[in-house]
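Residues per chain, in single letters:
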Amino acid sequence: MSEAAVATMDRKPMPGMKVYNKKLGMWVFLLSEVMFFTSLIGSYVILRFAHPDHWAEVGTVLNVQLTAVNTFFLICSSVTMVKAFAAIQQGDQKGLQRWLLATILIGATFVGIQVYEYIALAGEGFVPALDGYHAVGRGNPHDGPSLGGPLYGATFYAMTGFHGAHVSIGVLCLIFVYVRSLQGAYTATSLEGVEVIGLYWHFVDLVWILLFTIVYLI
Amino acid sequence: MSTATATETHAEHAEHHELSFIRKYIFSTDHKMIAKQFLFAGLMFLLLGGLLAVTIRWQLGFPGRPLPAFIQWIFPDTMAPGGIILPEFYNSLVTMHATFMVFFALMPLMAGVFGNLLIPLQIGAEDMAFPRINMVSFWIMPVAGVIMLASFFVEGGAAGAGWTSYAPLSADGQYTGVYMGQILWLISLIVLGFSSILGALNYVSTVINMRAPGMTWFRIPLATWSLFITAWLLLLAIPILTGGLILLLADQTIGTAFFRPEGSGEPLLWQHIFWFFGHPEVYILILPAMGFVSEVIANRSRKPIFGYHSMVIALVSIAFLSWVVWGHHMFQSGMNPLLGMTFVVTTVVIAVPSAIKVFNWMGTLWRGNIHFDAPLLHAVAFVSLFIIGGLSGIFMAAAPVDIYIHDTYFIVAHLHYVLVGGSLFGIFAGIIYWYPKMFGRMMHEGLGKVHFFLSFLFYNMAFFPMHNLGVQGMMRRIYDPNQYEFLQGLQPLNTWISISIFLFASTQAIFAFNFLWSLRKGKVAGNNPWKSNTLLWTTPSPPPHGNFPEMPIVYRGPYEYSHPDREQDYWPQDEPPASSEAGGQVAPAPTPEPVPGD
Amino acid sequence: MKWEYFSWVMPDNVVSTYGQTLDNLWLVILWVTGIVFFATEIVLLVFMVKYRHREGRKAEYIHGSNKAEFIWTSITFVIVMVLAVYSKGIWDEIRDQDLIPADAYEIQMLATQFEWNANYTGADGLFDTADDFISRNVLHIPVGRPVVVQLMAQDVIHSFFLPEFRVKQDAVPGMITPVWFEATTTGEFTLACAELCGLGHYTMGGTVIVHTEADFQDWLAEQQAAAEDD
């Protein structure tokens, strides 16, 4: 449109990415998170190729079945998050609250199961440190032979641990959004906070799908 | 903020709250105040980094001589008993000098100060996209700084494995005798990384989403362009470092062996992670200065920047290429030689866009109308010293030749030419040029020129001969080169360099005095003392909260200087086209008087 | 204080075969960068003087020149690519493990905090046998014959630097890195550590003694005898 026409109408900034600030900010932040996980996962790949003997047979040390169930939970929580956002898009505040609560509970369950798994693994001698690594594998006696080597433990805890930390932070943010939703902060036209935490949550889920594949299934 | 209605003006918005001292000066969300906070903190750390450098040079210039009495008392016996610097303290000195300079001086001064000051003002926004995140991003920095400073006072002293912290030297305290210090170094940098990431995401979001109407991508001033590209590099590179620092911290504290060979760890993995971050990092340290130099040279030559589009493409190319050259830091590391060759190619290619920028700056000066004030002098010095730094890089890029000069003073010369000759002189140009907008007064021009000429002289006296030290084979990070017979003859050169550094450091007192004096006594600056075109200079000096009374409209690019049809040699970006006749002096057409009886 | 310290030409002290090739490459780069340096700095200075502000002057309103961009980009690109390609042949010759001379005399070098331990095979020509012997901080080699040093590090990264040979290679713990070179003259030369390795990094110097072939064999026999006596 002509410059003169712009001068006479309400002034708005250039369209940019045609996405509101908070959403753009979250996308940009998630890109930096991709790089962070790249650093950890890249290190794992390099170390694994250099010392494949440090890794045990799939399923002998890690509990693939339990974690598969846990993965299913996390994917469910992404579904509930989608439902929560869809609810508030329709202006359904009660729906938003219900589905947010579901997401929080499932997310917390995911973390809880992971903590349980860590404790079990540590008890079986699967630790990140060099001294003290003696992973006998699931269901084996404590004085059994050690499976794999310390790089297995170190990379496992680094990748899944930081992922778990991101899930935990996500759960805390979801609680914040949930409390706000109880106060009626979100409407069909003011739902940026919900969309933005939803983006973060889906990202965390996607990273887990990648991690589950490369850590547990390969 | 982007959904605020246009009918509520920015001035009205600013009047809503009269802020307390704490909200206005300490926990401010105003980008201009945050810029000043970064400036104050950055300059303090620059001073500290400089003092560490002076101490290093005392040892190299006067090896084994006790420090002069007036500074001897600063250093306890664990560092310099009787004033004689210990070898382990020397290793900490070189490590901490670089660490403070790179992370706590240059990055805050480049990105923290100018990203915050320039971006909203140059694109016509009232503030950053996320002002509260901006405030957090500043305050993380002094917290990280305190952690880093604390490392000097713990048992074992501060980190001593170089700013590059190569494993296994840095992964196990038994190798350096430094335990807590190394851990604190890692924690400090992990914390500091968040400051960069939060700041960068703010800059990127603001430039993308908050440009005033008419401010198309190719009407953005080059300073903002360079800060925007730098923000992308920060966003993507810092998390890589954070990951690596965490793994190294794990090696040190919980006994993992990511980088320790006794547990099948890979020392070279650390180098790959560090330099994959480290090379984009050095472009983070120079790109903003290139942006400032473009602004200053165009403005002081009263001439459009030569090749604006090429300059933008060059910035983007450098940013892209910076990701694929990291291996040139590792030519002699034992890395696969075939891999080494690919890095030779990418490294020489990245020289091309840098050269293009140099040619374009020269093209801007060509047939210009050059005003020799302090900002211009520093900007031209940037170009001339960057040429030297860039050309010395060619030697290193040729891997066979790098064999000899790697880890020698030739590298030290190169990096100081680009970081001091380049970045620091660029920062000086930026501070002097934008000081009036920040503080409402001009810095003293005479003192500025004296500071410039002495700095330029002493700087070159100190750093040019370092190339020669490298050619003679003098290694880096060596407490006492006289242990080697082949280096003993170089002592006079080392002493000359040290004295020149002392003179260079002392000269900075002139800048400090000028800075502080001008806050109160500098000539009052109007809105646009440099007669520039950018939106930033349409505001009062300093600008009020909210910056613009209403959102500006942009009609043209930022470098319309000396247009032949205009009497004035500048043409602000927001000046409407209708009033462009007769050099922009035409008064708006008078509204017709109401006729009685209508 | 020698005046040749101010020269940018490599010192005239090279004692290895490929060292001379490297110095030649250095000279080529010195010429190219030297010419560019003088040309650009002089032009910059000339512009400063010629285009300074004077009353009544006006700058020329010109936004750039695509032709100029094309020309200076292409020329720069061609020059740097030629340099890269020229470097490749030399780099391969020095670093490619498949091109290490087959008959190179092998020595193991273990870098520690803060010593160089050169391990020789002894008469049987095999490592890890009873007749191996170690030379601390002094590397003995024959002249006119390629030598390959198998670099190892015990603790942290060190760097095996022979300035007069133009040799440098990092010794990384957990890796064995071969580095080969051939001495052209007899004499005593410098061995230095070129990677920060801790408190004693600056003390980690040594000597390289280049013998004639006959003297080298004598020295080996002597060391052998001494080792057997232990």
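Remember, it's a predicted structure, so these values are computed and weren't measured experimentally. (Residues numbered from 1 in each chain as written. Chains lettered and ligands numbered in written order. Predicted model: local features only at pLDDT ≥ 70, side-chain atom pairs only at ≥ 80, totals over all residues.)

**What about the overall build of chain B?**
In terms of helices and strands, chain B carries 18 helices and zero strands. Here the C-alpha radius of gyration of chain B, 25 Å, is about what a compact globule of 598 residues would show, namely 25 Å. Its C-alpha atoms give chain B principal-axis dimensions of about 100 × 55 × 50 Å. Counting the 598 residues in chain B, one finds 64% classified as buried. Relative to all contacts within chain B whose residues are 6 or more apart in sequence, the contacts with residues 24 or more apart total 81%. (Helix = DSSP H or I, 4+ residues; strand = E, 2+ residues; numbered from the N terminus. Rg over C-alpha atoms; globule rule 2.2 N^0.38 Å. Buried ≥ 20, exposed ≤ 12 C-beta atoms within 10 Å, placed from the backbone. Contact = placed C-beta atoms within 7 Å.)

**Side note on the overall build of chain C**
Across its full length, chain C carries three helices and 10 strands. N-terminal to C-terminal, the α/β element order of chain C is α-α-β-β-β-β-β-β-β-β-β-β-α. In terms of overall dimensions, chain C is more spread out than a globule: its C-alpha atoms have a radius of gyration of 25 Å, far above the 17 Å expected for 230 residues. For chain C, the residues scored as buried account for 34% of the 230 residues in total. Counting only contacts in chain C whose residues sit at least 6 apart along the sequence, the fraction spanning at least 24 positions is 63%.

**Focus on the interface of chain C and chain B**
Taken together, the contact pairs 76 residues of chain C with 86 residues of chain B. Listed by contribution, the elements that provide at least two residues to the side of chain C that touches chain B are α1 (17–50), α2 (66–95), β6 (158–162), β7 (167–171) and β9 (187–193) of chain C. For the side of chain C that touches chain B, the leading source of residues is α2(C), giving 16 residues. Taken together, the residues of the side of chain C that touches chain B sort by class into 43 nonpolar, 18 polar and 15 charged. (Nonpolar A, V, L, I, M, F, W, Y, C, P; charged D, E, K, R; others polar.)

**A look at the nonpolar core**
Residues and elements named next belong to chain B. If you look at the biggest cluster of nonpolar residues, it comprises 329 residues, and the most contacted ones within it are V204, L234, V293, F382, A398, V401 and A429. The element best represented in this core is helix α5 (residues 87–123), accounting for 23 residues. Excluding its chain neighbours within four sequence positions, the residues that come into contact with A429 are F292, V293, V296, P375, H378, A379 and F382. (Core = buried A, V, L, I, M, F, W, Y, C linked by C-beta atoms within 7 Å.)

**Let's talk about the domain arrangement of chain C**
All names here are of chain C. What the domain assignment reports for chain C is domain 1 (3–97) and domain 2 (102–229). A separation of 37 Å is found between the C-alpha centroids of domain 1 and domain 2. Residue-level contacts link eight residues of domain 1 with 11 residues of domain 2. Looking at side-chain class alone, the side of domain 1 that touches domain 2 contains three nonpolar, five polar and no charged residues. (Domains from an automatic or database assignment.)

**Describing the arrangement of the chains**
Sorting the two pairs of chains in contact by contact count puts chains B and C at the top. Between chain A and chain C there is no contact; the minimum C-alpha to C-alpha separation amounts to 12 Å.

**Description of the confidence of the model for chain B**
Low pLDDT means the predicted coordinates in that region are not meant to be read closely. Per-residue confidence for chain B gives a mean pLDDT of 93, with 94% of residues at or over 70. Contacts for the low-pLDDT stretch residues 580–593 of chain B, under 50 throughout, to residues beyond four places or in other chains number nine contacts. (pLDDT = per-residue confidence, 0-100.)

**Considerations on the interface of chain B and chain A**
At the junction of the two partners, chain B supplies 42 residues and chain A supplies 38 residues. Secondary-structure elements contributing two or more residues to the side of chain B that touches chain A are α7 (180–209), α8 (222–253) and α9 (267–284) of chain B. At nine residues, the largest contribution of residues to the side of chain B that touches chain A is made by α8(B).

**Structural notes on the sheet that holds strand β2 (residues 115–120) of chain C**
Residue and element names in this part refer to chain C. One open sheet accounts for five strands, arranged β3-β2-β1-β5-β8; its pairing is mixed. The open sheet is flanked by β3 (133–136) and β8 (177–182), the only strands paired with a single partner. Between one strand and the next, the sheet's axes are offset by a mean angle of 30 degrees, whatever the strand orientation. As paired elements, strand β1 (residues 105–112) and β2 share five bridges and run antiparallel to each other. Looking across to β2, one finds that Q108 is bridged to N119. (Pairing = 2+ DSSP bridges. Axes fitted to C-alpha atoms, helices over the stretch in contact; angles between N-to-C directions.)

**Overview of the pairing of strand β5 (residues 146–153) of chain C**
Residues in a regular strand project their side chains so that they alternate between the two faces of the sheet. All names here are of chain C. Burial analysis of β5 places six of its eight residues in the buried class, which makes it a mostly covered element. Pairing of β1 with β5, which is carried by seven bridges, proceeds in the parallel orientation. Across the sheet, residue L110 finds its bridge partner in β5, namely M152.

**Overview of the confidence of the model for chain C**
Confidence in the prediction of chain C, expressed as mean pLDDT, is 95, and 100% of residues score 70 or more. The complex model carries a pTM of 0.94, and its ipTM stands at 0.96.

**Side note on the sheet that holds β9(C)**
Residue and element names in this part refer to chain C. Across the sheet, which stays open at both edges, the five strands sit in the order β4-β10-β9-β6-β7 with mixed pairing between neighbours. A single partner strand is all that each edge strand has here, and the edge strands are β4 (138–142) and β7. Between one strand axis and the next, the sheet turns by 25 degrees as a mean value, whatever way the strands run. Here β6 pairs with β9 via two bridges, running antiparallel. Note that in β9 the partner of F160 across the bridge is C193.

**Section: the pairing of strand β10 (residues 206–211) of chain C**
All names here are of chain C. Of the two faces of β10, only one is covered, namely that formed by G206, V208 and V210; the face formed by T207, I209 and H211 stays uncovered. Looking at chain direction, β4 and β10 are connected through five bridges and run parallel. The partner of P142 across the bridge, within β10, is H211. Here β9 runs beside β10; their pairing, made up of five bridges, is antiparallel. Within β10, the residue paired with G187 across the bridge is V210.

**Comments concerning unusual backbone geometry**
Looking along the chain, the bond that leaves B:A167 and enters B:P168 is cis, with omega of 0 degrees. Note that B:P168 resides in the loop between α6 (131–150) and α7. The step from B:S541 to B:P542 runs through a cis peptide bond, and the omega angle for that step is -5 degrees. Among the secondary structure elements, B:P542 is positioned in the segment after α18 (491–521). Although it is not a glycine, C:N137 adopts a positive phi angle of roughly 65 degrees. Residue position: C:N137 is located in the loop between β3 and β4.

**Regarding helix α5 (residues 150–182) of chain A**
For α5(A), which comprises 33 residues, the first-to-last C-alpha distance of 47 Å matches the rise-based estimate of 48 Å (1.5 Å per residue) to within 8%. Among the residues trailing α5(A), A:G184 stands out with phi positive, at a value near 75 degrees. (Expected span 1.5 Å × (residues − 1).)

**Here we look at the environment of B:T364**
Tracing the backbone shows B:T364 in helix α12 (residues 337–365). Ignoring sequence-local partners within four residues, the contact set of B:T364 consists of B:I297, B:A298, B:S301, B:K303, B:I305 and B:F306.

**Focus on the environment of B:P87**
Mapped onto the elements, B:P87 comes out in helix α5. Note: C-alpha distance between B:P87 and B:Y479 (392 residues apart in sequence) is 5.9 Å. Ignoring anything within four residues of it in the chain, the contact list for B:P87 reads B:Y479, C:L199 and C:Y202.

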